[in-house]
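# Fold and geometry: a report
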Amino acid sequence: MTKPNKPQSLSSLIFILLLVVLSAATAKAQQPFYTDNADVTDKKKFHLQISNEYDILQRAAYPSLRQNTTVFELDYGLFDGVEIGVDGPLIAISNSRITTPKTPFGVGDLDFHIKYNFLKEREGSRLPALAATVNVELPTGNAREQLGSGVMDVFLNGILQKSVTKKTTLRLNGGILFAGNTTTGEIGIKTRGKVFVGGASLVKQITPRLDLGAEITGAVTSSLKLNRGQLQTLIGGNYAVTKKMTFDFGILAGKFAASPRVGVQVGLSIDF
C-alpha cells in the first residue's frame, strides 16, 4: 500500500501550496459532484480544480482491488459564456499479489472540453440556466496497465440548472458518448460504442461558507445491460476557505461493475 500513497502525497503538497495562493475571483462549487453545473469561468479568468479520490473497487474488477485518482483541471473563460479547459488524472491501482505489476501508477487519458452557457437563469423567470459541453479525450494513458482506455472518446453533455429556492439549486445532466468508452483506470464502462450518461444533484447553502448536497449519476450502454453499467450516489459539499477558494469533500457508493463500491473524495477549487 505504499505506492498508492504517492499520488495522495503529491496532491497534499499541491493543496498546501494552493492555500497560500491569492486571487481576485469567487470559487465555483462544482466539485465534488460529477453532475456538471451551467456556470462557466469568467472571461479572461482561470479556474483550477484538484481532487483526490480513493475507491474500493467492485468484486467484478478483481484482481484490481483499489484505485487512487488525482485529477487536475484548468479552465479558462474564452468569451462571455464560453469556457475551454483541460484535465488529466494521475492513477494508482492496487492489484492482488497474483498480478504483475502489483501497483500500476501513471498518467491517465488527457481530456479537452468546451462549454457554452447559452441561457442564464434570471430572477422571476421560470426558465432554468442551460449549457452544453463537448469533450474530446485522448488516449495518453498506458492501456496495457489499465491507466488509459486506448481509444479516443467524444462526449456531448447537456446541463440544466434551476434554483429551487434562494439557497437550493437543482442540476440535471444528460449526455451521450459517441465513441470510445468511459473508463478512468478500472472505473467506468469498458465497452466501446455509444454510452448514455445522466445525473442529478441537489445542493443547499447551509451557511455563507458551507454548501451540502447529494447526487445520483449513472451510465448505460446502448444495449442497456445494467450489469455492465454504472450507478453511484455521492453526498458532499464545499467549504469556502476564502472568497476565492473552496475545500471540496464527498463520500460515494456505487453499484454494478463500472462503479466503485465505496470511495472518498477531497479537493480544492480556486479562481484566479
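Residues numbered from 1 in each chain as written. Predicted model: local features only at pLDDT ≥ 70, side-chain atom pairs only at ≥ 80, totals over all residues. Heavy atoms only, no water.

### A word on the overall build of the protein
To keep things clear, this is the line we draw: In this text, helices come from DSSP runs of H or I with a minimum length of four residues, and strands from runs of E with a minimum of two, each type numbered from the N-terminal end. Exposure is judged per residue with a 1.4 Å probe applied to protein chains only, and the accessible area is read against the type maximum: over 50% gives exposed, under 20% gives buried, and values in between give partly exposed. It only takes one pair of heavy atoms within 4.5 Å for two residues to be counted as in contact. The protein chains shown are the only cover counted for residues, whose accessible areas, like all others here, come from Shrake-Rupley with a 1.4 Å probe.
For the protein, the helix and strand inventory stands at one helix and 13 strands. If you list the helices and strands of the protein from N to C, you get α-β-β-β-β-β-β-β-β-β-β-β-β-β. Expressed as a percentage of the 272 residues in the protein, the buried residues total 47%. In the protein, the share of contacts with a sequence separation of at least 24, taken over all contacts with a separation of at least 6, comes to 58%. Of the roughly 13700 Å² that the protein leaves accessible, carbon and sulfur atoms contribute 63%.

### A few points about the pairing of strand β13 (residues 260-271)
Our working rule: Here, strands pair whenever DSSP counts at least two bridges between them.
Bridging between strand β1 (residues 46-57) and β13 involves eleven bridges; their strand directions are antiparallel. When the bridges of β13 are listed, Q49 appears paired with S269. Here nine bridges tie strand β12 (residues 245-255) to β13, and the two strands are oriented antiparallel to one another. Residue pairing across strands places L252 opposite G263, the latter belonging to β13.

### Considering the pairing of strand β8 (residues 168-179)
The sheet contact formed by strand β7 (residues 153-165) and β8 spans eleven bridges and is antiparallel. When the sheet's bridge partners are listed, F155 is paired in β8 with L177. Connecting the antiparallel pair β7 and β8 is a turn made up of two residues. Here β8 pairs with strand β9 (residues 195-205) via ten bridges, running antiparallel. When the sheet's bridge partners are listed, N173 is paired in β9 with G199.

### Remarks on the side chain of Q265
The cut-off we apply is this: Pairs of N or O atoms are called polar contacts if they sit within 3.5 Å, as long as, within protein, a hydrogen donor faces a hydrogen acceptor (for residues adjacent in sequence, only side-chain-to-side-chain pairs).
Structurally, Q265 can be placed in strand β13. Residue class for Q265 comes out buried when judged on its relative accessible area of 4%. In terms of polar contacts, Q265 uses its side chain to reach the backbone carbonyl oxygen of P32, at 3.5 Å. For Q265, the residues in contact, after removing those within four places along its chain, are Q31, P32, Y34, S51, N52, E53, L234, D248, F249 and G250.

### What about the nonpolar core?
This is how the line gets drawn: What we call a nonpolar core is a set of buried Ala, Val, Leu, Ile, Met, Phe, Trp, Tyr and Cys residues that are connected through their side-chain atoms within 4.5 Å.
Core analysis: the biggest nonpolar cluster contains six residues, these being F155, L177, I189, V195, A219 and A258. Core analysis: the second largest hydrophobic core is formed by five residues, L48, M245, L268 and I270 among them.

Fair warning: the whole summary comes from geometry, so function is off the table for now.
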